[in-house]
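Listed below, chain by chain, are the residues.
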Amino acid sequence: KEFVNDSTELELEEKYGKLADKLHTALHEVIGHASGQLNPGVGETKETLKNYASTLEEGRADLVGLYYLYSPKLQELGLVDDWKKVGMAAYDGYIRNGLMTQLIRLNLGDDVEEAHMRNRQWVSAWVFEKGKADNVIEKITRDGKTYYNINDYEKLHDLFGQLLRETQRIKSEGDYAAVEHLVETYGVKVDPTLHAEILERNKQFTSAPYSGFVNPVLVPKMNDNGEIESFTIEQPKTFAEQMLFYSKNYSNLPVVN
Ligand SMILES: [Zn+2]
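Residues numbered from 1 in each chain as written. Predicted model: local features only at pLDDT ≥ 70, side-chain atom pairs only at ≥ 80, totals over all residues. Heavy atoms only, no water.

1. Things to note about the packing of helix 3 (residues 53–69) against helix 5 (residues 83–99)
(1) Moving on: For the pair helix 3 and helix 5, the least separation of the axes is 9 Å and the interaxial angle reads 145°. In contact with Asp-62, Leu-66, Tyr-67 and Leu-69 of helix 3, helix 5 contributes Trp-83, Val-86, Gly-87, Ala-90, Tyr-91 and Tyr-94.
(2) Moving on: Of the residues contributing to the contact of helix 3 with helix 5, the split by class is 8 nonpolar, 1 polar and 1 charged. (Axes fitted to C-alpha atoms, helices over the stretch in contact; angles between N-to-C directions. Helix = DSSP H or I, 4+ residues; strand = E, 2+ residues; numbered from the N terminus. Contact = heavy atoms within 4.5 Å. Nonpolar A, V, L, I, M, F, W, Y, C, P; charged D, E, K, R; others polar.)

2. Focus on the pattern of salt bridges
(1) Moving on: On inspection of all chains with the given rule, the structure shows 19 salt bridges.
(2) Moving on: The salt bridge partner of Glu-2 is Lys-145, with a shortest N-O separation of 3.0 Å. Within this pair, whereas Glu-2 is found in the segment before helix 1 (7–33), its partner Lys-145 is found in strand 2 (residues 145–150), the two being separated by 143 residues in sequence.
(3) Moving on: The exposure class assigned to Glu-2 is buried, which follows from its relative accessible area of 13%.
(4) Moving on: Look at Lys-145 and you get partly exposed, because its relative accessible area is 28%.
(5) Moving on: When the shortest N-O distance is used, the salt bridge between Glu-200 and Lys-203 registers 3.1 Å.
(6) Moving on: Lys-203 gets classed as exposed once you look at its relative accessible area, which sits at 63%.
(7) Moving on: In this structure, a network of salt bridges that share partners links the residues Glu-2, Lys-145, Glu-197 and Arg-201. (Salt bridge = Lys/Arg side-chain N within 4 Å of Asp/Glu carboxyl O. Buried < 20%, exposed > 50% of the residue type's maximum accessible area, 1.4 Å probe, protein only.)

3. Considering the pairing of strand 3 (residues 217–222)
(1) Moving on: Across 6 bridges, the pairing between strand 3 and strand 4 (residues 228–234) is antiparallel. Bridge pairing in strand 4 links Leu-218 to Ile-233.
(2) Moving on: In this antiparallel pair of consecutive strands, strand 3 and strand 4, the connection spans 5 residues, and Gly-226 shows a positive phi of 80°. (Pairing = 2+ DSSP bridges.)

4. A closer look at the side chain of Asp-92
(1) Moving on: One can find Asp-92 in helix 5.
(2) Moving on: An unpaired buried charge is present at Asp-92: no salt bridge exists, and Arg-96, the closest side chain of opposite charge, is 5.2 Å distant.
(3) Moving on: Within the structure, Asp-92 has its side chain in polar contact with the side chain of Tyr-153 (distance 2.7 Å).
(4) Moving on: Not counting residues within four places of it along the chain, the set of residues in contact with Asp-92 comprises Glu-9, Leu-12, Ile-150 and Tyr-153. (Lys, Arg positive; Asp, Glu negative; His and termini not counted. Polar contact = N/O pair within 3.5 Å; in protein donor to acceptor, adjacent residues only side chain to side chain.)

5. Quick word on the environment of Asp-92
(1) Moving on: When its relative accessible area of 5% is taken as the criterion, Asp-92 is described as buried.
(2) Moving on: For the pair Asp-92 and Ile-150, spaced 58 residues apart in the sequence, the C-alpha separation amounts to 7.0 Å.

6. Section: the coordination of the zinc ion
(1) Moving on: Looking at the zinc ion, the protein donor atoms are His-28 (NE2), His-33 (NE2) and Glu-58 (OE), and they sit 2.0 to 2.1 Å from it.
(2) Moving on: Written as a sequence motif, the donor arrangement for the zinc ion is H-x4-H-x24-E. Within this pair, whereas His-33 is found in helix 1, its partner Glu-58 is found in helix 3, the two being separated by 25 residues in sequence.
(3) Moving on: For Glu-58, a relative accessible area of 13% corresponds to the buried category. (Donors = N, O, S within 2.8 Å, 3.2 Å for Na, K, Ca; no water.)

As structure tokens, then:
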């Protein structure tokens, strides 16, 4: 792997990368977005945090996931067979993507605009900077190539916790000045030298920078009383076919007004 620092990181990624990614998404959606209350009397975040509301919420959900991914609880629940290795693979992958590989989606000179991409960058860049004194994440240059190596997973876990606490405070209090500072400092600007290097290193790969899903279709089978008896699962063949089906059958506005 082009962007992996050493053989340990590669082994963890190969063995646990997929599982770590799935668990992070599940934790992000289920305990991330589902948690996090506003203080009494504070407005909705789209009013208080305005244009930063989405990226703050996505970052907060990511941080909930990251914090609970590196935890023996996952093993107690029977979700993983080695919580530490899964957590390490998750942290490696997150930092690699947040500081390097997601940049393949941007053209040279562009800022980061999309809410999820912004949050992955501000989360990663914030912990990188706050951990610098203790060398928690080390920036390594070898043969003209940049790598990030995590030296201290315990401390990184702690830094994710600190940033989670701060993002929750910002959400609960509706602190616009703080979210503006966080996102503009860590989440928008791209180092042009690093960006050019990443694009150059990525040229050898043909994989698409984005991927999408084709959803299965549940087709009910009715009995004579009009009740659902059973159903079959059908798989549409292409993404385009499914999108055209959705727009034909589920669009809310008529084509002609
Ligand atoms: Zn989300």
